[in-house]
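Report on the structure
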Amino acid sequence: MSTGGVATGHAVSPDSGRHWADEGAWQVAEGIYRIPLPLPMDALKAVNVYVVQGDDGLTLIDGGWAIPVARELLDTSLRSIGSGFGDIRRFLVTHVHRDHFTLATVLGHQYGAEVALGAQERPALELLHRAAEAELGESPFLAVLRTAGAEEIAQLWAAGHDGELPDALDWAFPDLWLEGDRAFDVGRRRLDAVHTPGHTPGHYVFADQAEGVLFSGDHVLPTITPSIGFTVPPAEEPLGQFMASLARVRELPDLRILPAHGPVAPSSYERVDELLAHHEHRLDLCLVSLKERGEVTSLTVAKDLGWTRHERAFDELDVFSQGMAAMETKAHLDLLVARGQATAVDHPDGVVYAAS
């Protein structure tokens, strides 16, 4: 959901001077290139994969979605800077979502490149493998929707599911599980891996402090806010984790943002402060709704809020976005409970919240 600034769909990136999703290998700094890869049928348009050149080959931050058009474009873009898949030595994947992880793991295992992923993403990968083996009767996200009081939306999601099982090859386990904070040497560079849970439990950002850049994944996005609460298995207090992770990034130097979606942006400090203020405002609005309505589910509160940068009404959203909104609202309400400003009681129709 967007927070101010230029809309992602119209943003120009300073490294290319063109729309941020335009094809190419755009030089961000000496030895660092941004390659946008397409996301068909996705409002985000593209995911930025970053190439960091080293003495012994390439390190890629994220890999893209394992679809033919993305693979072909990555190949073409790498060749335009004199490299190829065989030059990739390592993938540092910010998090487990398919537009970041799946092409990385496919290429990594085909070409012998090491794939690194946050250890807290293991439960999600294990769940996907169970789904690939048809051990799950339905999408695990449906149960999360029901806790938000969104049974009707869950039914619509289930009806729209085509029954296709995930491909286990797209979700192969990584070679290296990242635990805590650590550093990677890439040629003359040092990339500091910083654990930033929130968007997903195992999300990482990678900071090149000497170069003054932050490979921010989906944690710090310049024109939108990342989804919160849209993870399985469900994370405990995902919004609280996200805001604490933002504060951790704020403790680093002020860095240029190299995001997974959207244009390169000048200041991590400025954007982190905007994101923290945005969520505090949303928390205030959620509390007002609880005080006015009494005991209600997340879905009811979500219908009181505006969505996207245009403050659209809940009923104007498509069914998928409505489900995302219900789960994100639940994340805000759970943080109000953790702060002692609200209470929560399990109910057959979903968790019921009330102002304290």
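Going by the structure above, here's the rest.
Residues numbered from 1 in each chain as written. Predicted model: local features only at pLDDT ≥ 70, side-chain atom pairs only at ≥ 80, totals over all residues. Heavy atoms only, no water.

Re the overall build of the protein chain
- Within the protein chain, the regular secondary structure consists of nine helices and 16 strands.
- Against the compact-globule benchmark of 21 Å for 356 residues, the protein chain has a radius of gyration of 20 Å, which places it among compact chains.
- Counting only C-alpha atoms, the protein chain reaches 60 × 45 × 35 Å along its principal axes. (Helix = DSSP H or I, 4+ residues; strand = E, 2+ residues; numbered from the N terminus. Rg over C-alpha atoms; globule rule 2.2 N^0.38 Å.)

Regarding helix α2 (residues 98-111)
- Counted at 1.5 Å a residue, the expected span for α2 with its 14 residues is 20 Å, and the 19 Å between its end C-alpha atoms agrees.
- The element α2 is extensively covered by neighbouring structure, given that 10 of its 14 residues are classed as buried.
- Of all the residues in α2, the buried ones are Asp 99, His 100, Phe 101, Thr 102, Leu 103, Ala 104, Thr 105, Val 106, Leu 107 and Gly 108.
- Trailing α2 by a residue or two, Gly 112 shows a phi angle of about 80°, which is positive. (Expected span 1.5 Å × (residues − 1). Buried < 20%, exposed > 50% of the residue type's maximum accessible area, 1.4 Å probe, protein only.)

Observations concerning empty space enclosed by the protein
- Here the structure, examined in full by the defined rule, presents one cavity of 30 Å³ or more.
- When its volume is computed, the largest cavity comes out at roughly 30 Å³.
- Along the walls of the largest cavity sit Arg 282, Cys 286, Leu 305, Trp 307, Glu 328, Thr 329 and His 332, which together make up its complete lining.
- Those elements that place two or more of their residues in the lining of the largest cavity are α7 (268-293) and α9 (319-338). (1 Å grid on protein atoms, 1.4 Å probe; cavity = no way out; pocket = protein on both sides within 12 Å on 5 of 7 lines; lining within 4 Å. Points joined across faces, edges and corners; volume = space filled by probe spheres on them.)

Describing the sheet that holds strand β5 (residues 46-54)
- Spatially, seven strands are ordered β3-β4-β5-β6-β7-β8-β9 in an open sheet, and the strand pairing comes out mixed. The open sheet has two edge strands with one neighbour each: β3 (26-29) and β9 (176-178). When the angles between neighbouring strand axes are averaged without regard to direction, this sheet yields 25°.
- Relative to strand β8 (residues 114-118), strand β7 (residues 88-92) runs parallel, the two being bridged by three bridges. Across the sheet, the residue bridging to Arg 90 is Glu 114, located in β8.
- Of the strands in this sheet, β4 (32-38), β5, β6 (57-61) and β7 are in contact with helix α1 (residues 68-80), which crosses β4 at around 155°. (Pairing = 2+ DSSP bridges. Axes fitted to C-alpha atoms, helices over the stretch in contact; angles between N-to-C directions. Contact = heavy atoms within 4.5 Å.)

Brief notes about the nonpolar core
- Judged by nonpolar contacts, the single largest core of 51 residues is most densely connected at Leu 145, Leu 239, Leu 290, Phe 314 and Leu 336.
- Those residues in contact with Leu 290 that sit more than four places away from it in its chain are Val 296, Val 301, Leu 333, Leu 336, Ala 342, Tyr 353, Ala 354 and Ala 355.
- If you look at the next biggest cluster of nonpolar residues, it comprises 35 residues, including Leu 37, Phe 101, Ala 113 and Leu 125. (Core = buried A, V, L, I, M, F, W, Y, C linked by side-chain atoms within 4.5 Å.)

A closer look at the pairing of β4
- Judged by how many residues are buried, β4 sits mostly within the fold: six of seven residues are covered.
- Relative to β4, β3 is paired through three bridges, and the arrangement is antiparallel. Bridging from a neighbouring strand, Ala 29 pairs with Ile 32 of β4.
- Pairing analysis gives seven bridges linking β4 to β5, with the strands arranged antiparallel. Directly across from Arg 34, in β5, lies its bridge partner Tyr 50.

Here's the deal with the pattern of salt bridges
- Under the definition given, this model contains 16 salt bridges.
- When the shortest N-O distance is used, the salt bridge between Arg 34 and Asp 15 registers 2.8 Å. Linking Arg 34 in strand β4 with Asp 15 in the loop between β1 (12-13) and β2 (18-19), this pair joins segments that are 19 residues apart in sequence.
- Residue Arg 34 is classed as buried on the basis of its relative accessible area of 0%.
- Arg 189 is paired through a salt bridge with Asp 208; the nearest N and O atoms lie 2.8 Å apart. Of the two residues, Arg 189 sits in strand β11 (residues 189-195) while Asp 208 sits in strand β12 (residues 204-208), which places them 19 residues apart along the sequence.
- Given a relative accessible area of 5%, Arg 189 falls into the buried group. (Salt bridge = Lys/Arg side-chain N within 4 Å of Asp/Glu carboxyl O.)

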